[in-house]
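The residues making up each chain are set out below.
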Amino acid sequence: MCFAEYGLEGLVSAKCDIYSFGIMMMEVFTRTNPNSEMFGENLSLKSWVANSMPDGLANVIDANLLKESDEYFVEKLSCIASIMKVALGCTMESPRERSNIQDVLVALKKIKLQYISALHSRTT
């Protein structure tokens, strides 16, 4: 998407950086390249993740990060789902609709605290 914005406006913007950050988060958690052969005209990394939300997310997350047999599976999946929601907010089609970096940072810190709290409450 940002390539089109760059082509139309000739400028790289913070909103383009936010879009790229969202795609990078999806790449990290799915371990899938947005240029993968599995994606074509009707499917992209972004739509693949979006379509998996919320019930199919475990099927697209990198198996090295999350397995159903993992201790704290539910807590981990909830955390990753929250992160993917943030990533999708970063990759809205319209630059005006995309999250700003301050909101992204606040959301990610909140997710981290909720995850730590959930783990702590299970061990006490």
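Just above, that's the structure.
Given the structure is predicted, the values throughout are model-derived calculations rather than measurements.

Undergrad: With reference to specific residues and values, describe the pattern of salt bridges.
TA: Applying the stated criterion across every chain yields a total of two salt bridges. Between Lys46 and Glu93 there is a salt bridge, with its nearest N and O atoms 2.8 Å apart. Separated by 47 residues along the polypeptide, Lys46 in helix H3 (residues 45-52) and Glu93 in the loop between helix H5 (73-90) and helix H6 (101-123) bring together distant segments of the chain. Here Lys76 ties to Asp70 by a salt bridge, and the two come within 3.9 Å at their closest N and O atoms.

Undergrad: Residue-level account of H5, with values.
TA: Taking 1.5 Å as the rise per residue, H5 with 18 residues should run 26 Å; its terminal C-alpha atoms sit 26 Å apart, in good agreement. Among the 18 residues of H5, 13 are classified as buried, and the element is accordingly described as predominantly covered.

Undergrad: Describe the packing of aromatic side chains, naming the residues involved and giving the relevant values.
TA: One pass over the full model with this rule turns up one aromatic pair. Judged by centre distance (5.9 Å) and plane angle (65 degrees), the rings of Phe39 and Trp48 are edge-to-face. With respect to class, Phe39 is no different from Trp48; both count as buried.

Undergrad: Would you mind going over the side chain of Lys46 in detail, with residue names and values included?
TA: According to the relative accessible area criterion, Lys46 is buried, its value standing at 17%. A polar contact is formed between the side chain of Lys46 and the backbone oxygen of Thr91, at a distance of 2.5 Å.

Undergrad: Kindly report on the packing of helix H2 (residues 14-30) against H3, identifying the contributing residues and their values.
TA: Two quantities define a packed helix pair, namely the angle between the helix axes and the distance between the axes. Closest axis-to-axis distance for the H2/H3 pair is 10 Å, and the angle between their directions is 65 degrees. As for the relative orientation of H2 and H3, their crossing is left-handed in sense. Residues Tyr19, Ile23, Met26, Glu27 and Thr30 of H2 form the contact with H3, whose participating residues are Leu45, Lys46, Trp48 and Val49. Split by residue class, the contact of H2 with H3 holds six nonpolar, one polar and two charged.

Undergrad: Account for the packing of H2 against H5, naming residues and giving values.
TA: Contact geometry of H2 with H5 gives a least axis separation of 7 Å together with a crossing angle of 150 degrees. Between H2 and H5, the angle falls in the class roughly antiparallel. As for the relative orientation of H2 and H5, their crossing is left-handed in sense. For the pair H2 and H5, the contacting residues are Ile18, Tyr19, Phe21, Gly22, Met25, Met26 and Phe29 in the first and Ile80, Ile83, Met84, Val86, Ala87, Leu88 and Cys90 in the second. Counted by class, the contact of H2 with H5 contains 13 nonpolar, one polar and no charged residues.

Undergrad: Explain the nonpolar core to me, using residue names and the numbers behind them.
TA: One finds Met26, Leu45, Leu57, Ile80, Ile83 and Met84 to be the most contacted residues of the largest nonpolar core, which totals 28 residues. The set of elements that each furnish at least two residues to this core consists of H2, H3, helix H4 (57-60), H5 and H6. Every residue in contact with Leu45, bar those within four places of it in the chain, is listed here: Ile23, Met26, Glu27, Thr30, Thr32, Pro34 and Phe39.

Undergrad: Give me H3: which residues, what numbers.
TA: Most of H3 sits out of view: six of its eight residues are buried. Buried within H3 are the following residues: Leu45, Lys46, Ser47, Trp48, Val49 and Ser52. Each element contacted by the buried residues of H3 is listed here: H2, H4 and H5.

Conventions we followed
- Residues numbered from 1 in each chain as written.
- Predicted model: local features only at pLDDT ≥ 70, side-chain atom pairs only at ≥ 80, totals over all residues.
- Heavy atoms only, no water.
- Salt bridge = Lys/Arg side-chain N within 4 Å of Asp/Glu carboxyl O.
- Helix = DSSP H or I, 4+ residues; strand = E, 2+ residues; numbered from the N terminus.
- Expected span 1.5 Å × (residues − 1).
- Buried < 20%, exposed > 50% of the residue type's maximum accessible area, 1.4 Å probe, protein only.
- Phe/Tyr/Trp six-rings, centres within 6.5 Å; stacked < 30°, edge-to-face > 60°.
- Polar contact = N/O pair within 3.5 Å; in protein donor to acceptor, adjacent residues only side chain to side chain.
- Axes fitted to C-alpha atoms, helices over the stretch in contact; angles between N-to-C directions.
- Left-handed = near helix turned anticlockwise from the far one by under 90°.
- Contact = heavy atoms within 4.5 Å.
- Nonpolar A, V, L, I, M, F, W, Y, C, P; charged D, E, K, R; others polar.
- Parallel < 35°, antiparallel > 145°, perpendicular 65-115°, else oblique.
- Core = buried A, V, L, I, M, F, W, Y, C linked by side-chain atoms within 4.5 Å.

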